[in-house]
Amino acid sequence: QNGVASRRAILAFAGALGASGLVPASALEPQPPGDRRLNTHPDLAAGQEHLAARRWSDLAALIRAQTPDSACVLLDDIADQSLVDRDLDGLTNQDMGSTIAGALLVNWGWRYRGTGVASTVSEDMGRAFEEHLRLARTQLEAAIAVNRDDGVAFDFLFRTLKGLSDVAAAQAALLATLEGVA
């Protein structure tokens, strides 16, 4: 009895907190586990702080200051350590913001999916995975449309298309990255 009452009180408080606007409602959704084994990027704490405080311009500046490889690692680490949150509209208005939003969304999607074989993924987690990857794809394709040299966006787009099992789109994206290289 007390456990049920406590859970109801917690859910009511969480609902009120979400409605207040103090905390994004999506942050109150069930959270998949993160992969905290390798989170060692030296700018991880700053990135987490900027994301949590929604300091979009600071987060975008931090990512832009990285080499492409380092930016990918930092975005992986930030996503592994943060709450899943789909309210990234202010971020997408920043230079490279759609790349960052897409990277976070694809990483959060894979957290729902997990690393096991497909038969071990529940329907709810599978739906959350696909939803996050569809949102990520939209952001990453928008980023690439603005800057065809955005290697970070292409990296995360490949991961997205892999998760969506869209082989034709993955091949097209690969060919697009190779245009003019030879």
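Criteria and cut-off values
Each chain carries its own residue numbering, running from 1 in the direction its sequence is written. Where local features are concerned, this predicted model is filtered to residues with pLDDT of at least 70; where side-chain atom pairs are given and counted, the filter is 80 or more; whole-chain, interface and lining totals use all residues. Each side-chain value is worked out from all heavy atoms of the structure, with water and hydrogens disregarded. Note on definitions: angles span 0 to 180 degrees between N-to-C directions of axes, and those axes are lines fitted to C-alpha atoms, for helices only across the stretch in contact. Under the scheme used here, helices are H or I runs from DSSP no shorter than 4 residues and strands are E runs no shorter than 2 residues, and both carry numbers assigned from the N terminus. With respect to orientation, any angle under 35 degrees is reported as roughly parallel, any angle over 145 as roughly antiparallel, any angle of 65 to 115 as roughly perpendicular, and every other angle as oblique. Rotating anticlockwise by less than a right angle from the far helix to the near helix defines a left-handed crossing, while the corresponding clockwise rotation defines a right-handed one. Only heavy atoms matter for contacts: two residues are in contact if any of them lie within 4.5 Å across the pair. Each residue is assigned to one class: nonpolar for Ala, Val, Leu, Ile, Met, Phe, Trp, Tyr, Cys and Pro, charged for Asp, Glu, Lys and Arg, and polar for all the others, Gly among them. Working rule for helices: expected span equals 1.5 Å times residues minus one. Under the scheme applied here, a residue whose accessible area is under 20% of the maximum for its type counts as buried, over 50% as exposed, and between as partly exposed, the area being computed with a 1.4 Å probe on protein chains only.

**Student:** Tell me about the packing of helix H4 (residues 68–81) against helix H8 (residues 151–163), and name the residues and values.
**Tutor:** Relative orientation of the contacting elements H4 and H8 amounts to 50°, with a least axis distance of 9 Å. Taken as axis vectors, H4 and H8 run oblique relative to one another. Regarding H4 and H8, the two cross each other, and that crossing is right-handed. Taken together, the residues of H8 that come into contact with H4 (itself represented by Pro 68, Ala 71, Cys 72, Leu 75 and Asp 76) are Val 152, Asp 155, Phe 156 and Arg 159. Residues belonging to the contact of H4 with H8 are distributed by class as follows: six nonpolar, no polar and three charged.

**Student:** Kindly report on the packing of helix H6 (residues 97–113) against helix H7 (residues 123–146), identifying the contributing residues and their values.
**Tutor:** Between H6 and H7, the shortest axis-to-axis distance is 8 Å and the interhelical angle comes to 165°. Here H6 lies roughly antiparallel to H7, going by the angle between them. Handedness of the crossing formed by H6 with H7: left-handed. Between H6 and H7, the contacting residues are Ser 98, Thr 99, Ala 101, Gly 102, Ala 103, Leu 105, Val 106, Trp 108, Gly 109, Trp 110, Tyr 112 and Arg 113 on the first element and Met 125, Ala 128, Phe 129, His 132, Leu 133, Leu 135, Ala 136, Gln 139, Leu 140, Ala 142 and Ala 143 on the second. When its residues are assigned to classes, the contact of H6 with H7 shows 16 nonpolar, six polar and one charged.

**Student:** Before we move on, can you summarise H4 with the specific residues and values?
**Tutor:** The terminal C-alpha atoms of H4 lie 20 Å apart, and with 14 residues this matches the ideal 20 Å at 1.5 Å per residue to within 8%. Of all 14 residues that make up H4, 10 are buried, and the element is covered over most of its length. For H4, the full list of buried residues reads Ser 70, Ala 71, Cys 72, Leu 74, Leu 75, Asp 76, Asp 77, Ile 78, Ala 79 and Asp 80.

**Student:** Let's hear about unusual backbone geometry: which residues, and what values?
**Tutor:** Phi at Arg 54 takes a positive value of approximately 60°, unusual for a residue other than glycine. Mapped onto the elements, Arg 54 comes out in the loop between helix H2 (44–52) and helix H3 (56–64). Accessibility expressed as a relative area gives 27% for Arg 54, which makes it partly exposed. Positive phi is not limited to glycine here, since Met 96 has a value of about 75°. Here Met 96 lies in the loop between helix H5 (89–92) and H6. Judged by its relative accessible area of 21%, Met 96 is partly exposed.

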